[in-house]
Amino acid sequence: MALRLSRSAPTVTTAGNDLVTSLGDLATAAGRWLATQPVTREIPAHAERARLASAEAVEHAGDWAGATATRAKEKTARAASATRTGVINLLVVGALLWWLDRTLTQHEAST
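Notes on the structure follow.

Counting secondary structure elements, the protein chain contains 2 helices and 0 strands. Taking 13 Å as the expected radius of gyration for a compact globule of 111 residues, we find that the protein chain reaches 42 Å, considerably beyond that expectation. Projected onto its principal axes, the C-alpha coordinates of the protein chain cover approximately 135 × 40 × 10 Å. Looking at the protein chain residue by residue over its 111 residues, the buried ones come to 1%.

See below:
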């Protein structure tokens, strides 16, 4: 930091530059101090554990989503099959009733 005479008034630009320089020096000193702390040596291990835990959580979420999608597909297939069966049964009953009606009315028409 530059030494200023008490008579000279600093400008906004010089004060801003001095502030930026001081903050840079503070960040550098904080980084050096942090590097000497024993806890910082454990940060890579904690980061790796966090990465593994998040990867495992994503894997479990993917497995759950896949199982849920499979169950939904199976339910949809069962519902479609039941609907198809119901429609076919209605058509068979309708055809049977139509045939029965034709048979009965044909007998009546011939007499």
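Right, let's talk about the environment of V12 for a bit. Here V12 is to be found in helix α1 (residues 12–35). V12 sits in the exposed class, given a relative accessible area of 74%.

The subject of this paragraph is the pattern of salt bridges. Here the structure, examined in full by the defined rule, presents 1 salt bridge. Residues R51 and E48 are paired through a salt bridge, measuring 2.6 Å at the closest nitrogen-oxygen approach. Here R51 pairs with E48, and both are found in helix α2 (residues 43–110), just 3 residues apart, close to one helical turn. The partly exposed category is assigned to R51, whose relative accessible area is 45%.

Definitions and limits used
- Residues numbered from 1 in each chain as written.
- Predicted model: local features only at pLDDT ≥ 70, side-chain atom pairs only at ≥ 80, totals over all residues.
- Heavy atoms only, no water.
- Helix = DSSP H or I, 4+ residues; strand = E, 2+ residues; numbered from the N terminus.
- Rg over C-alpha atoms; globule rule 2.2 N^0.38 Å.
- Buried < 20%, exposed > 50% of the residue type's maximum accessible area, 1.4 Å probe, protein only.
- Salt bridge = Lys/Arg side-chain N within 4 Å of Asp/Glu carboxyl O.

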